[in-house]
Amino acid sequence: MDISVIADTFDAWTDDALGWISDNGDWLFTPLRAILEGTYNGVLWLLHLAPFYVIVIIVALLAWRLISALSAILAGLGLFFCAVMGLWNETMSTLALVTTATILALAIGIPIGIAAGFIRWFDRALEPVLDLIQTLPPYIYLLPAIALLGFGPATALVATFIVAMPPAIRLTSLGIRMTPPAFIELGQASGLTPWQMFTKIRLPFAIPSVLAGINQSLMMAFGMVVIAGIVGSGGLGETIYSAVRTLDMATSINAAIAIVILTMVLDRLTQSAAGRAKAGVR
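Remember, predicted model here, so these are calculated numbers, not experimental data.

Moving on, we get to the overall build of the protein chain. Across its full length, the protein chain carries 13 helices and zero strands. Listing every helix and strand of the protein chain by position from the N terminus yields α-α-α-α-α-α-α-α-α-α-α-α-α. In terms of principal-axis extent, the alpha carbons of the protein chain reach across some 65 × 60 × 35 Å. Out of the 282 residues belonging to the protein chain, those deemed buried represent 40%. In the protein chain, 76% of the contacts between residues at least 6 apart in sequence involve partners at least 24 apart. Accessible surface for the protein chain amounts to roughly 15,000 Å². Of this, 72% is attributable to carbon and sulfur atoms. Counting 13 positive and 16 negative side-chain charges, the protein chain places the centres of these two groups 23 Å from one another.

Before going further, it helps to examine the packing of aromatic side chains. Enumeration according to the criterion identifies seven aromatic pairs in this entry. Arranged with centres 5.8 Å apart and planes meeting at 65°, the rings of F52 and W88 form a pair that is edge-to-face. Placement of the pair is F52 in helix 3 (residues 52–66) and W88 in helix 5 (residues 88–118), with a sequence separation of 36 residues. Of the residues examined, F52 reaches a relative accessible area of 30% and is grouped as partly exposed. A centroid spacing of 6.0 Å and a plane angle of 55° characterise the contact between F118 and F198, whose relative ring orientation is tilted. With F118 in helix 5 and F198 in helix 10 (residues 194–223), this residue pair connects regions lying 80 residues apart in the sequence. A relative accessible area of 44% places F118 in the partly exposed class. Classification of F198 by relative accessible area gives buried; the value is 12%.

Turning our eyes to something else, we now look at unusual backbone geometry. Phi at L247 is positive, roughly 60°, even though this residue is not glycine. Its location among the elements puts L247 in the loop between helix 12 (235–245) and helix 13 (249–281).

Now for the packing of helix 8 (residues 153–177) against helix 10. When two helices pack together, their arrangement is given by the angle between their axes and by how far apart the axes lie. Between helix 8 and helix 10, the shortest axis-to-axis distance is 7 Å and the interhelical angle comes to 150°. Viewed along their axes, helix 8 and helix 10 adopt a mutual orientation that is roughly antiparallel. The handedness of the crossing between helix 8 and helix 10 comes out as right-handed. Counting all contacts with helix 8, which are made through T160, V163, A164, P167, A168, L171, T172, L174, G175 and I176, the residues of helix 10 involved are F198, R202, F205, A206, S209, V210, A212, G213, Q216, S217, M220 and A221.

Here we take up a nonpolar patch on the surface. Among the surface-exposed residues, F80, F81, V84, M249, I253 and I257 lie close enough to one another that they form a single nonpolar patch of about 550 Å² accessible area. Broken down by secondary-structure element, the contributors of at least two residues to the nonpolar patch are helix 4 (69–84) and helix 13. Looking at the secondary structure, you find F80 in helix 4.

Before going further, it helps to spend a moment on the side chain of T94. When you line up the elements, T94 lands in helix 5. Of the residues examined, T94 reaches a relative accessible area of 1% and is grouped as buried. Contact partners of T94, with chain neighbours within four places excluded, come to F222, V225, G235, L236, G237 and L262.

Here helix 6 (residues 120–135) contains 16 residues, and its C-alpha end-to-end distance of 23 Å stays within 8% of the 22 Å for a straight helix at 1.5 Å per residue. In helix 6, a bend of some 30° at E127 exceeds every other bend along the element, and P128, a proline, comes one to four places later. Turning to helix 6, its buried residues number three or more, namely D123, L126, L130 and I133.

We now examine the nonpolar core. Judged by nonpolar contacts, the single largest core of 61 residues is most densely connected at V59, L79 and W88. Among the elements that make up this core, the one with the highest residue count is helix 8 (10 residues). Leaving out residues up to four positions away in the same chain, W88 has contacts with F52, I55, V56, L79, C82 and A83.

Quick notes on the rules
- Residues numbered from 1 in each chain as written.
- Predicted model: local features only at pLDDT ≥ 70, side-chain atom pairs only at ≥ 80, totals over all residues.
- Heavy atoms only, no water.
- Helix = DSSP H or I, 4+ residues; strand = E, 2+ residues; numbered from the N terminus.
- Buried < 20%, exposed > 50% of the residue type's maximum accessible area, 1.4 Å probe, protein only.
- Contact = heavy atoms within 4.5 Å.
- Areas by Shrake-Rupley, 256 points an atom, 1.4 Å probe, with all protein chains shown as cover.
- Lys, Arg positive; Asp, Glu negative; His and termini not counted.
- Charge placed at Lys NZ, Arg CZ, Asp CG, Glu CD.
- Phe/Tyr/Trp six-rings, centres within 6.5 Å; stacked < 30°, edge-to-face > 60°.
- Axes fitted to C-alpha atoms, helices over the stretch in contact; angles between N-to-C directions.
- Parallel < 35°, antiparallel > 145°, perpendicular 65-115°, else oblique.
- Left-handed = near helix turned anticlockwise from the far one by under 90°.
- Patch = residues over 30% accessible without salt bridge, like charges linked within 9 Å, V, L, I, M, F, W, Y side chains within 5 Å.
- Salt bridge = Lys/Arg side-chain N within 4 Å of Asp/Glu carboxyl O.
- Expected span 1.5 Å × (residues − 1).
- Bend = angle between axes of the 7 residues up to and from the residue.
- Core = buried A, V, L, I, M, F, W, Y, C linked by side-chain atoms within 4.5 Å.

Laid out in structure tokens, this is it:
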């Protein structure tokens, strides 16, 4: 059989299956979209409660506490610059999208990672799945999400969630397996229950790796921001997409700078938190 015929048959089957799911899954996808968009709007509402300078001060204080005074100044100036460029609302929309997607990814990814850390065959079975997710171009996840959820933040959240989940699973599983055997033997000799062994020995050793997973999930989520702008996600990604379509280079550059600033600030904060947790374990 000609390979092109096989490819055409597979494409037709895929389109039919997606169409059938879209036609018959309205009872599931309509409330799912409402939940996702409601969560996103709730996070965005919280971020808009305080004036921009209050957010700037809070982030600067966090940077000072976790990193250094110089980092606090740079973080504060960077976020202030986002407001000066007139992109504060878009910056907060992007932060809300990334935060919501990352929280969802961690809520599912960390428990899966814990299970994979304890069950070796499950970890091996997950490896090719996670490899596939991280290898496929990120925009691939937008296509079925658009068909099932339509345009808007819900579609962007689903695609970002999928991209952000693998690092949380991998590094959580790694952290669980990194517990020194001597401490496990000590816990067993002390008569600890499996739950006590997990909470008092395995989890403290795994926390630095889990925090590193949170950091990497955030970075992967930011990598989806511009791509998600195609589906009307709002925020800086949509600003860049709209600016590129109209050849408004100044706006696209400003939005790109705002994304870089926001990414760097969150990256440094989460990296520092992971470093402190690792030092505490030692």
